[in-house]
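So the chains spell out like this:
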Amino acid sequence: QRAGRRHLCLPNLCGAGPKPYVWRVLVAKRLHSKSRSTGGACGRRSKHRVATSSALRKRAWAGVAKGSKAMSLSWSGYGTEALSYNIKDGYLEGIVRGYRSGLLTPADYNNLCQCESLDDVKLHLQSTDYGTFLQNEPHLTTTTIVEKCTEKLVEEWNHLRCQASDKLAKFLDYITYGYMIDNVILIVTGTLHERDVQELLAKCHPLGMFDSIATLAVAQGMKELYRLVLVDTPLAPYFSDSISSDDLDEMNLEILRNTLYKAYLEDFLKFCKSLDGTTATIMSDLLAFEADKRAVTITMNSLGTELTREDRRKLFNSFGILFGEGHEHLAACEDLGQVRSVVEKFPAYKNIFSRMGYGESQMLDRAFYEAEAKQLVYCFEQQFHYAVFFAYIRLREQEIRNIMWLSECVAQNQKTRVHDGIVVI
């Protein structure tokens with residue numbers, strides 16, 4: 001600076017331009033080398049100069065430490081996953097993106113809609129990534145096709161889970177907790193109606209199975225259900241805070257299902273935010289959409305029931321676009337028109353109801369599925385994040401729902417209604 005070089009432009013490792021951090025390092029090294037060459041055994045430096053030089057060195061190295069700390073903090077934030085992501089998780093992300101490219105295309109759905117029989121459906125699916133998964137099934141039914149499609153999904157998911165480790169493994173486990181909740185409610189509800197346990201187990205989703213699920217049938221109350229079975233499962237933290245009544249009836253089971261899902265989604269969101277970066281950003285949006293969808297669904301299903309306004313509000317999640325004012329108005333709704341007027345106030349969901357006519361509540365699920373599918377597809381536009389695994393399994397589930405609807409329409413000779421239930425991905 002004394003020589004007039006007040007702006008020292010040094011090459012920047014992260015881009016062009018001056019780097020104060022590099023300048024502080026050079027100043028510290030220069031002062032350190034100068035003090036060694038002029039001090040020590042020669043004794044030519046005065047005590048004042050030695051003290052001044054020592055103070056400058058401490059100040060310079062303090063700046064270096066401060067700059068390196070700030071630099072390390074900046075590297076741990078959003079958009080820096082590319083530095084180390086591929087070391088552990090790059091292979092699996094490549095695998096899941098390959099699975100995603102094998103989803104049925106709009107051209108495949110157009111061809112499937114022209115099928116005259118289930119054999120034609122089987123023939124066309126063989127030309128896709130499903131391959132010969134139905135070759136050993138002489139008598140085709142819609143149930144058989146759906147079961148085989150689900151088996152393919154489970155096989156791919158188990159391959160991903162076996163290869164995953166650390167945070168990704170826990171993330172994949174979180175995704176399966178939702179299926180565990182559905183299986184628990186299915187077993188207990190079927191037991192109340194005196195259904196056979198083996199028949200109920202056959203209807204459970206394979207991704208939500210656990211060792212002691214068959215013993216759910218012996219439970220006579222909520223507390224006994226938790227004490228005997230669920231205490232050793234991953235659902236235990238959600239279940240222990242959800243026991244409000246010990247009676248096992250249909251109303252309490254539905255309340256239990258939604259309470260468990262509320263605790264599960266909030267815990268899943270907390271874990272995703274702990275991952276930081278792109279994963280936290282994308283998963284926050286996806287889980288917020290899921291929470292809002294459940295809030296609207298709970299409101300519509302509870303219309304005309306004994307569920308009070310306060311009980312309905314307790315089932316809503318504490319996050320999402322509708323959180324706050326939207327939840328207060330939804331809790332007070334008494335008919336479908338009021339629900340529609342509340343949701344349409346939020347621009348993100350206005351188009352969902354605008355495409356529905358008044359009284360067409362049965363089309364609400366499809367409208368939500370279409371909106372969710374768009375968000376899930378956008379997840380694959382970015383790289384180095386875990387949200388692609390969540391998006392893939394949801395898109396594959398939607399594809400299975402499409403195949404089930406299409407197969408049922410073909411089997412019942414209702415081809416005019418094929419397009420009513422298909423969400424093209």
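All values derive from a computational prediction rather than experimental measurement.

K.L.:
What am I meant to see in unusual backbone geometry here?
P.N.:
Of all residues except glycine, most have a negative phi; of all peptide bonds, most are trans. In this model, Asp276 sits at a positive phi of 60°, which is unusual for a non-glycine residue. Inspection of the secondary structure puts Asp276 in the loop between helix H12 (250–275) and helix H13 (277–301). You will see that Asn413, though not glycine, has its phi angle at about 55°, which is positive. Structurally, Asn413 can be placed in the segment after helix H19 (387–411). With a relative accessible area of 62%, Asn413 lands in the exposed category.

K.L.:
What exactly am I supposed to notice about the packing of helix H16 (residues 336–343) against helix H17 (residues 347–354) here?
P.N.:
In a packed pair of helices, the relevant descriptors are the angle between the two axes and the axis-to-axis distance. Packing of H16 against H17 leaves a shortest axis separation of 8 Å and a crossing angle of 140°. Here H16 lies oblique to H17, going by the angle between them. For the pair H16 and H17, contact is made by Val339, Arg340 and Val343 and by Tyr349, Phe353 and Ser354, respectively. By residue class, the composition of the contact of H16 with H17 is four nonpolar, one polar and one charged.

K.L.:
I would appreciate a short explanation of the side chain of Asn183 in the present structure.
P.N.:
As for its position among the elements, Asn183 is in helix H8 (residues 166–192). With residues near it in sequence (within four places) discarded, Asn183 still touches Cys204, His205, Gly208, Met209 and Ile213.

K.L.:
Help me understand the environment of Tyr264, please; the structure alone is not making it clear to me.
P.N.:
Positionally, Tyr264 belongs in helix H12. Residue classification places Tyr264 among the buried residues on the basis of a relative accessible area of 5%. Each C-alpha atom, one on Tyr264 and one on Gly178, is 7.6 Å from the other, the two residues being 86 residues apart in sequence. Sequence-distant contacts of Tyr264, that is, excluding residues within four places in its chain, are made with Tyr174, Ile175, Tyr177, Gly178, Ile181 and Tyr238.

Conventions and cut-offs
- Just so you know, the residues in each chain are numbered from 1, in the order the chain's sequence is written.
- With the structure being a predicted model, the display of local features is reserved for residues of pLDDT at least 70 and the display and counting of side-chain atom pairs for 80 or more, all residues being used for whole-chain, interface and lining totals.
- To obtain the side-chain values, all non-hydrogen atoms of the structure were included, while hydrogens and water were left out.
- Every helix listed is a DSSP run of H or I at least four residues long, and every strand listed is a run of E at least two residues long, numbered separately from the N terminus.
- Think of it in three bands: with a 1.4 Å probe and only protein chains considered, a residue is buried below 20% of the maximum accessible area for its type, exposed above 50%, and partly exposed in between.
- Interaxial angles span 0 to 180 degrees and are taken between N-to-C directions of axes, which are lines fitted to C-alpha atoms, for helices over the stretch in contact.
- Oblique is the label for every angle not falling under 35 degrees (roughly parallel), over 145 degrees (roughly antiparallel), or within 65 to 115 degrees (roughly perpendicular).
- Only heavy atoms matter for contacts: two residues are in contact if any of them lie within 4.5 Å across the pair.
- Side-chain classes follow a simple rule in which Ala, Val, Leu, Ile, Met, Phe, Trp, Tyr, Cys and Pro form the nonpolar group, Asp, Glu, Lys and Arg form the charged group, and the remainder, Gly included, forms the polar group.

Any functional reading would require information that these geometric values do not contain.
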